[in-house]
Amino acid sequence: MNRAQHLMARFDLVEYRLCRGLNRGAGLRSLRLLFQLASRLGDGLAWYGLVFALPLIYGRAALKPAIVMALTGITGLLIYKWLKHALVRERPFIRHPGITLAMPPLDRYSFPSGHTLHAVAFTTLAVANFPQLGWILIPLASLIAASRVVLGLHYPSDVLAGGAIGGALAMLALTVLG
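Starting from 1, residues in each chain are numbered consecutively following that chain's sequence as written. Per-residue local features are limited, in this predicted model, to residues with pLDDT of at least 70; the limit for side-chain atom pairs, both in listing and counting, is 80 or more; totals at the level of whole chains, interfaces and linings are taken over all residues. Working from all heavy atoms in the structure, the side-chain values ignore hydrogens and water.

### Topic: the environment of Gly-134
Going by this rule: Helix numbers and strand numbers start at the N terminus; a helix is a DSSP run of H or I with at least 4 residues, a strand a run of E with at least 2. Contact criterion: two residues are considered in contact whenever any of their non-hydrogen atoms come within 4.5 Å of each other.
Counting through the fold element by element, Gly-134 comes out in helix H6 (residues 134-150). The spacing of Gly-134 and Met-8 is 126 residues in sequence and 34 Å in space, taken between C-alpha atoms. Apart from the residues lying within four places of it in its own chain, the contact partners of Gly-134 are Val-127 and Pro-139.

As structure tokens, then:
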């Protein structure tokens, strides 16, 4: 076990109680279905749809923001995949038998949450350019982030790190490309 893996294992133990408490929400059918839907939308469907829909809705004014969103999404994908393979943090349902898996994961490792990274990045970029979308995108991004822990797929720190990376990428994109 390398140093990063050892550190992640220590975080796993510290976060277990909070993770288990939030994961209990998956035991309620209506909550589980809501979070499963949010998680599926966060697989990319919502964000790909948003990138393609913006120019259809807002015309030429949305071309540059849509391109910036696509480039930020690709950058986020590369970063989170690299981090997942470098840090190899097992998902909570693998490491702790008390965590119930309520939806199959897209890959093996949990740190950081790519769903949350993209939800925060796309929401930040979209709302910066089209504030009127905030009323739907902010709650959606919040549900996607929460779904990852409730469904047993991520630890809270995975979600926080994904959100921080997504926010940083969005701010960088707004500064450099905006």
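### A short note on the nonpolar core
What counts is decided by this rule: For the purposes of this section, nonpolar cores are sets of buried Ala, Val, Leu, Ile, Met, Phe, Trp, Tyr and Cys residues that join through side-chain atoms within 4.5 Å. Categorising residues by exposure relies on relative accessible area from a 1.4 Å probe, with only protein chains included: less than 20% of the type maximum marks a residue as buried, more than 50% marks it as exposed, and the intermediate range marks it as partly exposed.
Counting residues in each nonpolar core, the largest one holds 22 residues, and the members touching the most others are Trp-47, Leu-50, Leu-54 and Met-69. Among the elements of the structure, helix H2 (29-58), helix H3 (63-87), helix H5 (114-129), H6 and helix H7 (156-176) are those that each provide at least two residues to this core. It is H2 that provides the largest number of residues to this core, a total of six residues. The contact partners of Trp-47, leaving out residues within four places of it in the chain, are Gly-42, His-118, Ala-119, Phe-122, Thr-123, Leu-137, Leu-140 and Ile-144. Core analysis: the second largest hydrophobic core is formed by nine residues, Phe-111, Ala-161, Ile-165 and Leu-169 among them.

### A closer look at a nonpolar patch on the surface
Counted only if it meets this: A patch consists of residues whose relative accessible area exceeds 30% and which take part in no salt bridge; residues with like charges are grouped when within 9 Å of each other, and nonpolar side chains (Val, Leu, Ile, Met, Phe, Trp, Tyr) when within 5 Å. Note on areas: Shrake-Rupley, 1.4 Å probe, and residue coverage restricted to the protein chains presented here. The term salt bridge refers to a pairing of a side-chain nitrogen on Lys or Arg with a carboxyl oxygen on Asp or Glu at a separation within 4 Å.
Taken together, the side chains of Ile-67, Leu-71, Leu-172, Val-176 and Leu-177 make up a nonpolar region of the molecular surface, amounting to roughly 460 Å² of accessible area. Every element with two or more residues in the nonpolar patch is listed here: H3 and H7. Assignment of secondary structure puts Ile-67 in helix H3. A relative accessible area of 52% means that Ile-67 is categorised as exposed.

### Notes on the packing of aromatic side chains
Here is the rule: Working definition: rings of Phe, Tyr and Trp (its six-membered ring) pair if their centres are within 6.5 Å, and the pair is stacked with planes under 30 degrees apart, edge-to-face with planes over 60 apart, and tilted otherwise.
The final tally for this structure, using the stated rule, is two aromatic pairs. For the ring pair Trp-47 and Phe-122, a centre distance of 5.7 Å and an interplane angle of 5° mean the geometry is stacked. Here Trp-47 is found in helix H2, whereas its partner Phe-122 is found in helix H5, with 75 residues between them in sequence.

### Focus on the side chain of His-118
So the rule is basically this: Definition of a polar contact: a pair of N or O atoms within 3.5 Å, with one able to donate and the other able to accept a hydrogen when the atoms are protein atoms, and with sequence-neighbouring residues admitted only if both atoms are side-chain atoms.
Mapped onto the fold, His-118 is located in helix H5. Classification of His-118 as buried rests on a relative accessible area of 11%. In this structure the side chain of His-118 is engaged in a polar contact, spanning 3.0 Å, whose partner is the backbone oxygen of Gly-73.

### What about the pattern of salt bridges?
Here the structure, examined in full by the defined rule, presents six salt bridges. One salt bridge in this structure joins Asp-107 and Arg-91, with 2.5 Å as the shortest N-O distance. Of the two residues, Asp-107 sits in the loop between helix H4 (92-95) and H5 while Arg-91 sits in the loop between H3 and H4, which places them 16 residues apart along the sequence. Judged by relative accessible area, which is 1%, Arg-91 ranks as buried.

### Some points on the environment of Gly-73
Looking at the element boundaries, Gly-73 is found in helix H3. Among the residues examined, Gly-73 registers a relative accessible area of 12% and is labelled buried. The sequence separation of Gly-73 and Leu-169 amounts to 96 residues, and the corresponding C-alpha distance is 8.9 Å.

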